[in-house]
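Take a look at the letters that make up each chain.
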Amino acid sequence: MTRVDEFDNFYRATRRRVLATTYALCGDRQVARDATVDAYQRAWRSWGSLRGRDPVAYVRDQAAKLTVFNRSTHPLRRRHEEDSDHALLDALHKLDYDERRIVTLLTVAGVDLDDATAEMQVDDAVGMELATNALTALEKALGQPLDILERRLTQLRETVEGLDLPEPDQVRNAAKRSGRRNSVLLVAGTVIALFAGGFAATNGDAFETFDAVPYREKIGAERPDIILDSHNIDTDNLLSLAQVERLNPEREWKVDATETDTVNSTPYSTCPPTRFADPDPLKVFVRAYSTEPSAERVAQSIEVSRSQEASEQAYGTLVSWYANCAHPRTRLIDSYTVKRPFGDFSILRLQSYREPARFISVGLAQSGTVTSTLIHEVNGTEPTDVATFARSLNDSVAKVCADSGGQCTDEITVEPSLPPGTEQFPQFLSVVDMPPLGRIDRVWAAGPAQAPNGGLNPAASLCDKTDFSAETFTEVATRLIAIPDATELPPEFAVAQTVARTESPAAAEATVADIAAKVDGCGDTELSAQIDERQDIAGDGYAGVSWRLSFETGRDQRVYYRMGVVRRGPHVTQVLAPPSGDNVFSAEEFTALMDRAGQRLAYADQ
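This text gives an overview of the structure that appears in the document.

What counts and how
- Residues numbered from 1 in each chain as written.
- Predicted model: local features only at pLDDT ≥ 70, side-chain atom pairs only at ≥ 80, totals over all residues.
- Heavy atoms only, no water.
- Helix = DSSP H or I, 4+ residues; strand = E, 2+ residues; numbered from the N terminus.
- Expected span 1.5 Å × (residues − 1).
- Buried < 20%, exposed > 50% of the residue type's maximum accessible area, 1.4 Å probe, protein only.
- Arc of directions from axis to C-beta.
- Contact = heavy atoms within 4.5 Å.
- Salt bridge = Lys/Arg side-chain N within 4 Å of Asp/Glu carboxyl O.
- Pairing = 2+ DSSP bridges.
- Axes fitted to C-alpha atoms, helices over the stretch in contact; angles between N-to-C directions.
- Parallel < 35°, antiparallel > 145°, perpendicular 65-115°, else oblique.
- Nonpolar A, V, L, I, M, F, W, Y, C, P; charged D, E, K, R; others polar.
- Left-handed = near helix turned anticlockwise from the far one by under 90°.
- Core = buried A, V, L, I, M, F, W, Y, C linked by side-chain atoms within 4.5 Å.

Side note on helix H8 (residues 124–142)
With 19 residues, H8 extends 27 Å between its outermost C-alpha atoms, agreeing within 8% with the 27 Å of an ideal straight helix rising 1.5 Å per residue. Every buried residue of H8 is listed here: Gly127, Leu130, Ala131, Ala134, Leu138 and Leu142. Taken end-on, H8 shows its buried residues confined to a sector of 95°, consistent with a single buried face. Among the exposed residues of H8, those oriented more than 90 degrees off its buried face are Ala125 and Lys140. For H8, the elements touching its buried residues are helix H5 (86–92), helix H6 (97–106), helix H7 (113–120) and helix H9 (146–154).

This is the structure we're talking about:
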């Protein structure tokens, strides 16, 4: 049997079951179809290495990863078709991802527990626990025994039976076109580099080796227009274990994997929806490191673009991915600039409050045609040392700098900086700024910034009743941030923010003082009101106040709000968090939110 026949027979025999399994995992037929077809294209490109193995497990795994990327880009997307088992899909999507995956493997895919745990790369005990938790949760959510649930799960195959899938030759041709496109561009880039630098360097000998080409990208150098001599950059430019150990010398570090596949789209960190920021890189290098016991993880990526413009765009994309990160219980803690004589780096630090909690440091650097990323994740909520991380980030670029003929430096200074601007409404709080609310494990979602409806200020409390409709205020806009999927919250719950411009910094200061006076004296004017947990807000360029307010609604019953107001230059922002049951912001969390609101006001004039 020929190689083509082997693949074609495999594709025809397995595609429907893989599609159904992928659909059960993501709940969206179109997403499942696209992910499945893409996974089979990848299988054909890797068919030589898959023969003799279990190729269907590879395809299922690739399709599963692709659905995660798609849905992480659209966290609120819920496209359940009319003929779908809505209740089952909703119950599945309330499970953790690993629980959902193992139960779909055991039922829809028809895989036994040993093969399922091997495919997910977990041991049998963990797999059994995941399966037990998933099935117990489904039983409770749907009120049906396991035999009926298993039947409903397998019936999901019928939902996608009518979906059109390409024929095997179409899959192979599409895979070939994709592979050929990358190869052609790689060759074209090489030829261009030869003819651009080779003739001048070798007195007309265009076939001289690359070693003779003197035009080198100088990472961080003062001449950013020099074309990258990228052939010198390889896996040796990635961090060594000795350099990674600087992040925590008390742990034993190991290299988990090193990859150079430009086609691989699996993200290597939280926030990015795909692996590389450059959609068509010339070269890529990714290495993952971890400790034993597994408490810390490092990932380093080098992307070599085909032009300086493409590299700058890739860097902007990377910053945007983290600036607009939308993951449950994940927020941006702070940001820094690493000052260097020949070009600055950026550091963003995020906290994931999911179990186990993870503190995430992200370092981003770009020069010429090279973009470098360094990720450090550690269990817990204690911030890691930013100066140590900055030195490791500088190490990650130093090797590339040296091998590309650049001017390298160990002279760095780490300075706090504003959080990067978000794609829309940068003067407002964003999803990435929001602290976790109680134990709710859902994604925040922000609405548009728009003029107040009827002039009302949704961020005002009953104490201050602030009205920004007077002529002394301009550029008034409000925004709501909510958690639409959180059943634990009242349907009307949303954090409200209003931003307005006053006539001058002095007028903004007077506005904040007026609001503070009204709130501080609210207990005298509103007999049902109590004011406590007053906190001054102050930072580089901004100042304000926050409070916790409560109002009596019945005998021994009160509802609690948090409200704050901050000024920066001529701008004022007010934020109100309404009652939210048992899931509330702590004083520390709301103070951090108001600090971020003051920082974001720096973008109000842009």
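Once the structure has been displayed, the description carries forward.
Section: the pattern of salt bridges
By the definition in use, this model includes 27 salt bridges. For the salt bridge of Asp8 with Arg172, the shortest nitrogen-to-oxygen distance reads 2.9 Å. Placement of the pair is Asp8 in helix H1 (residues 3–26) and Arg172 in helix H11 (residues 168–202), with a sequence separation of 164 residues. Owing to a relative accessible area of 8%, Asp8 belongs among the buried residues under this scheme. Taking the shortest distance from any N to any O, the salt bridge between Asp514 and Lys518 comes out at 3.5 Å. Of this pair, Asp514 and Lys518 both sit in helix H15 (residues 505–520), four residues apart, which is roughly one turn of the helix. For Asp514, a relative accessible area of 40% gives the class partly exposed. Put simply, Arg60, Asp61, Lys65, Arg101 and Glu119 are held in one network by salt bridges that share partners.

Examining the sheet that holds strand E6 (residues 358–367)
By definition, the strands of a sheet pair up through backbone hydrogen bonds, in either a parallel or an antiparallel sense. Here we have eight strands laid out as an open sheet, ordered E1-E2-E3-E7-E6-E5-E4-E8, and antiparallel in their pairing. In the strand order of this sheet, the two ends are held by strand E1 (252–259) and strand E8 (413–416), each with one partner. Between one strand and the next, the sheet's axes are offset by a mean angle of 20°, whatever the strand orientation. Where strand E3 (residues 296–304) meets strand E7 (residues 370–379), nine bridges bridge the pair, whose relative direction is antiparallel. Of the residues in E7, the one forming a bridge with Glu303 is Thr371. Helix-sheet contacts for helix H13 (residues 308–323) involve strand E5 (345–352), E6 and E7, and the interaxial angle to E6 is about 160°.

Describing the packing of H6 against H8
Their axes nearest at 8 Å, the elements H6 and H8 cross at an angle of 90°. Classed by the angle they form, the pair H6 and H8 counts as roughly perpendicular. Residues Asp98, Glu99, Ile102, Val103 and Leu106 of H6 touch H8, and the partners they reach there are Gly127, Leu130, Ala131, Asn133, Ala134, Leu135 and Leu138. By residue class, the composition of the contact of H6 with H8 is eight nonpolar, two polar and two charged.

Re the pairing of strand E14 (residues 557–568)
By the bridge criterion, 11 bridges tie strand E13 (residues 542–554) to E14 in an arrangement that is antiparallel. Its bridge partner lying in E14, Glu552 is registered against Arg558. Remark: two residues form the turn of the hairpin made by E13 and E14, two consecutive strands paired antiparallel; Asp556 in that turn has positive phi of roughly 60°. As defined by bridge partners, E14 adjoins strand E15 (residues 571–577) across seven bridges and the pair is classed as antiparallel. Bridging across to E15, Met563 finds its partner in Leu576. Two successive antiparallel strands, E14 and E15, enclose a turn made up of two residues, where Gly569 displays a positive phi of approximately 60°.

What to know about the packing of H6 against H7
Running from N to C, H6 and H7 point in directions that differ by 140°, and their axes come no closer than 10 Å. It follows that H6 is oblique to H7 by the angle criterion. For the pair H6 and H7, the sense of crossing is right-handed. On the side of H6, the interface is formed by Asp98, Arg101, Ile102, Leu105 and Leu106, while H7 contributes Leu113, Ala116, Thr117, Glu119 and Met120. Residues belonging to the contact of H6 with H7 are distributed by class as follows: six nonpolar, one polar and three charged.

Side note on the sheet that holds strand E11 (residues 495–501)
Across the sheet, seven strands lie side by side as E9-E10-E11-E15-E14-E13-E12; this open sheet has antiparallel pairing. Sheet topology places strand E9 (445–446) and strand E12 (529–539) at the edges, where each strand pairs with a single neighbour. In this structure, E11 lies alongside E15, joined through six bridges in antiparallel fashion. Bridge pairing in E15 places Gln497 opposite Val575. Sitting on the sheet, H15 is in contact with E12, E13, E14 and E15, with an inclination near 165° to E14. This element, helix H17 (residues 587–600), spans E11, E12, E13, E14 and E15 of the sheet and lies at about 30° to E14.

Details of the nonpolar core
If you look at the biggest cluster of nonpolar residues, it comprises 42 residues, and the most contacted ones within it are Phe7, Tyr40, Val59, Leu92 and Leu156. Looking at this core, the elements with two or more residues in it are H1, helix H2 (29–45), helix H3 (47–50), helix H4 (55–73), H5, H8, H9 and H11. Looking at this core, the element that brings in the most residues is H1, giving nine residues. Those residues in contact with Val59 that sit more than four places away from it in its chain are Phe10, Val18, Ala39, Tyr40 and Ala43. Residues Ile233, Leu238, Leu393 and Val400 belong to the second largest nonpolar core, which totals 25 residues.

Notes on the pairing of E5
Where a strand is regular, its side chains alternate between the two sheet faces. For E5, the tally of buried residues reaches seven of eight residues, placing the bulk of the element in the interior. Bridge count between strand E4 (residues 330–339) and E5: eight bridges; the pairing is antiparallel. Within the sheet, the bridge partner assigned to Thr337 lies in E5 and is Ser346. Bridge analysis of E5 against E6 gives seven bridges, and the strand direction is antiparallel. If you follow Ser346 over to E6, its bridge partner there is Leu364. Connecting the antiparallel pair E5 and E6 is a turn made up of five residues.

Comments concerning the environment of Ala507
Mapped onto the elements of the fold, Ala507 is located in helix H15. For Ala507, a relative accessible area of 22% gives the class partly exposed. Once the C-alpha coordinates of Ala507 and Val572 are considered, the two residues, 65 residues apart in sequence, prove to be 9.5 Å apart.

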